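# Observations on chain architecture
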Amino acid sequence: MKESVIAAVERLLDNYLEMNNHRKTPERYTILRAIYSINGHFTLDELKSRLAQEMDFPVSRATLYNTLNLFLSLRLVVRHRFQGSTKYEACYDNQSHCHQICTICGKVTEIKSPEIIAAVDNMHLKRFRKDGFTLYVYGVCSTCQIKLTKRKKTVKVIKGKNKNKTENEQR
Ligand SMILES: [Zn+2]
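Read on for an overview of the structure. (Residues numbered from 1 in each chain as written. Predicted model: local features only at pLDDT ≥ 70, side-chain atom pairs only at ≥ 80, totals over all residues. Heavy atoms only, no water.)

This paragraph deals with the coordination of the zinc ion. The protein atoms donating to the zinc ion are Cys102 (SG), Cys105 (SG), Cys141 (SG) and Cys144 (SG), with metal-donor distances spanning 2.3 to 2.4 Å. Each of the four donor atoms bound to the zinc ion contributes to angles spanning 103 to 118°, and the resulting shape is tetrahedral. Along the chain, the residues donating to the zinc ion fall in the pattern C-x2-C-x35-C-x2-C. One end of the pair, Cys105, is in the loop between β3 (96-102) and β4 (108-110); the other, Cys141, is in the loop between β5 (133-139) and α6 (142-160), and 36 residues separate them in sequence. Cys105 sits in the partly exposed class, given a relative accessible area of 45%. (Donors = N, O, S within 2.8 Å, 3.2 Å for Na, K, Ca; no water. Tetrahedral: all angles 85-135°; square planar, octahedral: opposite > 155°, others 65-115°. Helix = DSSP H or I, 4+ residues; strand = E, 2+ residues; numbered from the N terminus. Buried < 20%, exposed > 50% of the residue type's maximum accessible area, 1.4 Å probe, protein only.)

In this section: the sheet that holds β3. Across the sheet, which stays open at both edges, the three strands sit in the order β4-β3-β5 with mixed pairing between neighbours. In the strand order of this sheet, the two ends are held by β4 and β5, each with one partner. Ignoring strand direction, the axes of neighbouring strands in this sheet form an average angle of 25°. Judged from the seven bridges that link them, β3 and β5 form a sheet pairing that is parallel. Within the sheet, the bridge partner assigned to Ser96 lies in β5 and is Phe133. Each of β3 and β5 touches helix α5 (residues 114-122); the most contacted strand, β5, lies at about 135° to it. (Pairing = 2+ DSSP bridges. Axes fitted to C-alpha atoms, helices over the stretch in contact; angles between N-to-C directions. Contact = heavy atoms within 4.5 Å.)

Structure representation (structure tokens):
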């Protein structure tokens with residue numbers, strides 16, 4: 001992540017802490033830097049181990065959770081509830097989130113879609129200032145499609161032949 005982006009998000013955090021008379025503990029700034037050094041999605045535990053192992057800054061899960069919630073409210077971070085897991089993502093310089101999600105393996109991929117960004121930009125919303133959006137496109141990834149096709153073929157073979165033999169051939 002660019003230094004200018006990190007400087008900008010630190011300034012936002014500065015402003016918030018000053019406005020609300022909170023102390024500027026180094027903890028929140030270190031967590032913010034760690035978040036902005038990660039490319040893409042991360043879980044709370046991934047962030048925890050990054051802080052502990054790479055930055056030599058162990059933080060409890062409770063502290064991380066509270067800090068992430070603060071960053072969510074400041075829109076420095078977005079939270080995704082993907083199948084079976086909650087993931088976070090730094091979002092200061094990227095307010096348009098388009099993701100494709102495989103409903104079989106749960107794989108999440110970020111997609112670039114200038115058409116959708118333009119369409120949302122052009123939407124007229126009453127008494128509302130747009131700041132960003134999140135879009136999830138659900139479907140089946142190519143790897144899972146191949147597996148599904150193989151399984152269908154296997155089922156056809158099993159109907160006429162010995163089941164165990166077919167499974168061994170598959171391996
Ligand atoms: Zn998949």
